[in-house]
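Fold and geometry: a report
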Amino acid sequence: MKTDFKYFAVFMISILSTSFGYSQDIEISGKVIDLNDNNPLAGVSVIVENTQKGTMTDFDGNYSITADSGAKLIFSFIGYAKQVVAVDGRSEINITLQESAEKLDEVIITGVFDERTRMESSIAISTLGVKEIQQQAPVSAADLLKNVSGVFVNSSLGEIRNTVYSRGVSVGSNDGASGYFYVSLQEDGLPITNATFANFGPDFYLRSDATLARLEAVKGGTASLLGNNAPGGIFNYISKTGGKELEGNVILKYGLEGELQNPYYRADFNIGGPLNQAKDLTFNIGGFYRRSDGASNPGYPMNNGGQIKANIFKSFKGGSLKFYTKILDDRNAWFAFLPTRNFDDPTLVEGIDRTTSFFIPPVTANFTVNDTGEEKFYDSRDKAHSRDYSVGLLYKQEFGKGWSLNNNARYSDKSTVWNTTAVVYPFALDTPVFYFFNRLLGNFGNYSFRDNATGELLGNISQLPQFDQNGNFAGFNFVVNESNFPGSEVSPNSLLFNPLQFTENKMKEFINQFSISKKFENMNFTGGFYYANSVLDRLNGLTGFSFGTITDPRPRLTDISYVNQNNELIQVTNPEGINGGSGVSEPIDVFDVEQNQFAAFLGHNWSISEKLNLDWGLRVESINIKGANQNSIRLPSDTPGGVDGNPNTFYDNWQGIIADTFTYDETINTFSLSAGLNYRISEEMAVYARYSSAEKAPDMDIFILIDTELSEESINPLAQDINQFEMGFKLRTKDLDLFVTPFYSNIDNTFISQTFQETNDAADAYNPPILFNEYETFGVELEGNYRFTNNLSLRSVATFQRSEAKSFRTWIANENGIADDEIRDFSGNETDNTPNLILRLSPTYTTDKIFAQVNWSYLGDRQANIANTFVLPGFAQTDLALGYNFSDNINVTLNVNNVFNTFGVMSWSAPGVFPAALDRQGFTPDRLAANPDAIFSVISIPPTSAFLTLNYSF
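None of these values were measured; they are calculated from a predicted model.

**Description of the overall build of the chain**
Along its length, the chain carries seven helices and 58 strands. Its C-alpha atoms give the chain principal-axis dimensions of about 110 × 65 × 50 Å. Split into buried and exposed, the 954 residues of the chain put 59% on the buried side. Taking the contacts inside the chain whose residues are at least 6 apart along the sequence as the reference set, 68% of them involve residues at least 24 apart.

**Comments concerning the sheet that holds strand S34 (residues 558-564)**
The pairing of strands in a sheet comes from backbone hydrogen bonds and takes either a parallel or an antiparallel form. Spatially, the five strands line up as an open sheet ordered S31-S30-S29-S34-S35, and their pairing is antiparallel. The outermost strands of the open sheet, each flanked by one partner alone, are strand S31 (473-483) and strand S35 (569-571). Pairwise comparison of adjacent strand axes, ignoring direction, gives a mean angle of 25° for this sheet. As judged from the three bridges shared by S34 and S35, these two strands associate in the antiparallel manner. Directly across from Tyr562, in S35, lies its bridge partner Ile570.

**Concerning unusual backbone geometry**
Here the residue pair Asp552 and Pro553 is connected by a cis peptide bond, since its omega of 10° sits within 30 degrees of zero. When you line up the elements, Pro553 lands in the loop between strand S33 (523-548) and S34. Although it is not a glycine, Asn199 adopts a positive phi angle of roughly 60°. Tracing the backbone through its elements, the reader meets Asn199 in the loop between strand S14 (190-191) and strand S15 (212-219). The exposure class of Asn199 is buried, given its relative accessible area of 17%. Of note in this structure, Ser582 is not a glycine but carries a positive phi near 55°. Of note, Ser582 is situated in the loop between strand S36 (578-580) and strand S37 (585-586). For Ser582, a relative accessible area of 28% corresponds to the partly exposed category.

**Digging into the nonpolar core**
Core analysis: the biggest nonpolar cluster contains 65 residues, and Leu145, Val164, Leu185, Phe235, Tyr237, Phe358 and Met700 have the highest contact counts within it. The residues touching Phe358, leaving out its near neighbours within four places in the chain, are Ala336, Phe337, Leu338, Pro339, Ile352, Val424, Leu496, Asn498, Ile550 and Pro555. If you look at the next biggest cluster of nonpolar residues, it comprises 24 residues, including Phe437, Ile461, Phe485 and Phe545.

**Describing the pairing of strand S17 (residues 247-257)**
Pairing between S17 and strand S18 (residues 262-274): eleven bridges, direction antiparallel. By the bridge assignment, Asn249 is partnered in S18 with Asn270. Adjacent in sequence and paired antiparallel, S17 and S18 are bridged by four residues, among which Gly258 carries a positive phi angle near 60°.

**Let's talk about the sheet that holds strand S57 (residues 936-940)**
Spatially, S23-S22-S57-S56 is the arrangement adopted by the four strands of the open sheet, whose pairing is antiparallel. The open sheet has two free edges, formed respectively by strand S23 (347-348) and strand S56 (905-909), since each of these has just one partner strand.

**Thoughts on the packing of aromatic side chains**
Under the criterion given, the structure shown has 48 aromatic pairs. Between Phe181 and Tyr182, the ring centres sit 4.8 Å apart and the planes meet at 75°, which makes this aromatic pair edge-to-face. Overall, Phe181 belongs to the buried group, its relative accessible area being 7%. Between Trp856 and Tyr858, the aromatic rings sit 6.4 Å apart at their centres with planes inclined by 10°, giving stacked as the arrangement. Residue class for Tyr858 comes out partly exposed when judged on its relative accessible area of 27%. Over the face of the ring belonging to Trp334 we find Arg161, whose NZ or CZ atom lies 4.7 Å from the ring centre. Its end group placed over the ring of Phe591, Arg538 keeps NZ or CZ at 5.3 Å from the ring centre.

**A closer look at the pattern of salt bridges**
Where charged atoms of side chains with opposite charge meet at close range, the side chains can pair. This structure, assessed with the given rule, holds 35 salt bridges. Arg291 is the salt-bridge partner of Asp293, the closest N and O atoms lying 2.9 Å from each other. What makes Asp293 buried here is its relative accessible area of 8%. Given a relative accessible area of 30%, Arg291 falls into the partly exposed group.

**Quick look at the environment of Arg266**
You can see Arg266 is positioned in strand S18. Classification of Arg266 as buried rests on a relative accessible area of 15%. Along the backbone, Arg266 and Asp537 are 271 residues apart, and their C-alpha atoms lie at a distance of 33 Å. If sequence neighbours within four positions are ignored, Arg266 has contacts with Ser208, Asp209, Ile251, Leu252, Lys253, Phe288, Tyr289 and Arg290. Here Asp268 takes part through its side chain, which lies 2.7 Å from a polar atom of the side chain of Arg266.

**Looking at the confidence of the model for the chain**
When pLDDT is averaged across the chain, the result is 88; 92% of the residues are at 70 or more. Taken as a whole, residues 1-23 scores under 50 in pLDDT and shows 38 contacts with residues more than four places along the chain or in a different chain.

**Thoughts on the environment of Pro911**
Among the secondary structure elements, Pro911 is positioned in the loop between S56 and helix H7 (925-930). Given the relative accessible area of 22%, Pro911 is considered partly exposed. For the pair formed by Pro911 and Thr551, sequence separation is 360 residues and the distance between their alpha carbons is 20 Å. Ignoring any residue separated from it by four or fewer positions in sequence, one finds Pro911 in contact with Phe343, Ala917, Phe923, Ala934, Ile935 and Phe936.

**Focus on the side chain of Gln513**
Tracing the backbone through its elements, the reader meets Gln513 in strand S32 (residues 494-519). Under the relative-accessibility criterion, Gln513 is labelled buried at 17%. Excluding its chain neighbours within four sequence positions, the residues that come into contact with Gln513 are Leu190, Leu226, Asn406, Asn407, Asn408, Phe529, Tyr530 and Phe601.

**Structural notes on the environment of Gln261**
Tracing the chain through its elements places Gln261 in the loop between S17 and S18. Separated by 81 residues in sequence, Gln261 and Tyr180 place their C-alpha atoms 32 Å apart.

**Observations regarding the pairing of strand S11 (residues 151-154)**
Neither face of S11 is open: one carries Val151 and Val153, the other Phe152 and Asn154, and all of them are buried. Pairing of S11 with strand S12 (residues 163-166) involves four bridges; the strand directions are antiparallel. What sits directly across from Val151, in S12, is Ser166.

Cut-off values and rules
- Residues numbered from 1 in each chain as written.
- Predicted model: local features only at pLDDT ≥ 70, side-chain atom pairs only at ≥ 80, totals over all residues.
- Heavy atoms only, no water.
- Helix = DSSP H or I, 4+ residues; strand = E, 2+ residues; numbered from the N terminus.
- Buried < 20%, exposed > 50% of the residue type's maximum accessible area, 1.4 Å probe, protein only.
- Contact = heavy atoms within 4.5 Å.
- Pairing = 2+ DSSP bridges.
- Axes fitted to C-alpha atoms, helices over the stretch in contact; angles between N-to-C directions.
- Core = buried A, V, L, I, M, F, W, Y, C linked by side-chain atoms within 4.5 Å.
- Phe/Tyr/Trp six-rings, centres within 6.5 Å; stacked < 30°, edge-to-face > 60°.
- Lys NZ or Arg CZ within 6 Å of the ring centre and 35° of its normal.
- Salt bridge = Lys/Arg side-chain N within 4 Å of Asp/Glu carboxyl O.
- Polar contact = N/O pair within 3.5 Å; in protein donor to acceptor, adjacent residues only side chain to side chain.
- pLDDT = per-residue confidence, 0-100.

The following block contains the structure:
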């Protein structure tokens, strides 16, 4: 179903212009203050019960509203317990609000068309406040979402390139390259970025620090209406704003990661308060700096950098204006896959432990982009270097008679430059594949491999021609003359393959969300639009190859040379140990892409009775993506002998040129709707049901993968169909908050990107045409908090689910490139990476002085791929937090993550070398049966780490 924007606008305007009459009321005024510090609260919602008539308090906490003398007023504010007060003919009512301990009484703003409590909402939403956030030591911003039911989080790669999805809505979002395909990570109500594609996503630009006030998580439901192309969920990280008094805090953290071996240093600060005497103009500024060697220290920081965030807030009669900005400058690496054996019970290969680094030592290389002469510089210590410079403006205004307006706009200039290795794997040196990848196959001679730092001979292997009995060439023969290669337990006669990945993503974005609302006696309407423009300039390629020893704790670079049949010495690697670099012209793919997204939405909330509430909404969206992909190839250099003019220095004897350009200009139109009923059985109990039907447009990834005439001609950017149904039971008693949500989701027109490798002399990688499939998931979420005493409580989060590939076909690569690739059907199998159980139990004990919490989590079995080749086993993890308050201003917290050093597999890759090892779907049961002892690679949860945090507030 498609909706014309013109008719939608006429329909929305006609509804918003409708008016209803109501009875004569009396004028009521008053003030709302915080119970703890007696400060006035601005922005408190004041609504006449069983109507949509309402207002908000001004900056001094004052309000004014008309209501019937026998009516009741509802006072609600984010993070505070709601109060319902009878008017009883009074013209002045002053109220004190207390911070909410009951999650079901909290007011929420994410994923709803009007602010409301969880008890009143027909959606599944979870919240985390500043105290809960500060009591943890998350690996990344996404790590906080492990506290949310129904959400799967894989943060095993580190601070970036995480994976987040909910309710089995996971296709295309099950690895670090596209971990946020179905969800929207937001900061203060707007997406971090509106465009995602291979290894470009929101967590490159999102950090949790002292400026974070609150996290709201919406799963399914209205996320398809109020999120940008994100039916799986909205996760909104809400920043602090300044109050009427100058307040702030400084947080100092020292830690030990990697089985308590590698240091971690971090400092956060946040300060906010008034800027004028009237205290209606406030500021807030904060940020962090962090240096971390990580769980597996590569010899330089795994993470170093930080950010500064600031806002200025102006309150005026009936509205507010907030200007906000962020500067992020951060460098991040991620944990490499480590070699493993035993598919039934994955175990690291002998000689490798969880603190071993497969990242290359510091490497630098200068090169030029193709034949343009544009110079770039590669430095592995820069890792993935992300920058984000953004400014935004949030405007809210109430006009009276139930009309209000909200506009949130942000411009950002983002970039991420990769100076990293691609996926690292052992590479056998006595097989044709090694020589094929290095353009050495057929270059016969005696090859020597030496330690770059010491000159020690590691091995000597001859590449020789093989002839049949008639003297005809019959292939290649590799003779190991000497072998002192370390890591023979992992792979004999092998080195680590470290392709030097250079990627430069520059993204300029403008995002704006506008809404206007009209409240009537017992209902309200909200309509608006969303617009985003994203312009991408991207360079992507390899600056060369390096090879390292399989040694603990980290590899050492290797020099490679050979003596040819003319007894000439040929240097394969340069003095730094790189096959490339040295000013060589490298083949770099060039991408110019622009995405324009426009959406219009309408929401209607109707209080049918005192207990029954109906809300529904729809969204129409149009996304246009146009661009050009310039694909490069590597050719012999036009200059004899390459850059240095010496034909015997093999490492610089080539050049890169643009060979093909593929263009596209595609528009995808989508329509989404969602409707829910919430019935409040009593003050303590409510139930709801919701149905959502959403269409999810492909992101940029499907277009950036176009690299052949076949993929250009066969591009078919179908919108995915996501249908979800959920029911909810909510219970709030004196000691118990409980939220139970059975759910069903169905995703059609899904796709998984695959990369294969040619086996001809060109050695090019290519992407086969996209195949579309269907997934289905059933499950139930539970989220509860039980207070045994005033000091002891238990918070629990659980998800039980089962997912099936209703229809699934995938490409299987065979031996001879595109021609013999085949399609295999795995319909009816369990889906991959969907654990049957996700459980988190958090008993907590608190007093005025002491805080103690245990977070015990369990991740159940899950299929490794849709071929159901093998199962990734379930595992448990225990985290511990202990805190002590020395005074009202000073407290100390000790966090120990993974107390028992559990080895829990989160990600894996298939046997073989890059990029074949990335094709997890192509590793079928018959391939496993043919080589059951094959070494494959995994990433586990981080090993034991501990952090000591000092928090000083004023």
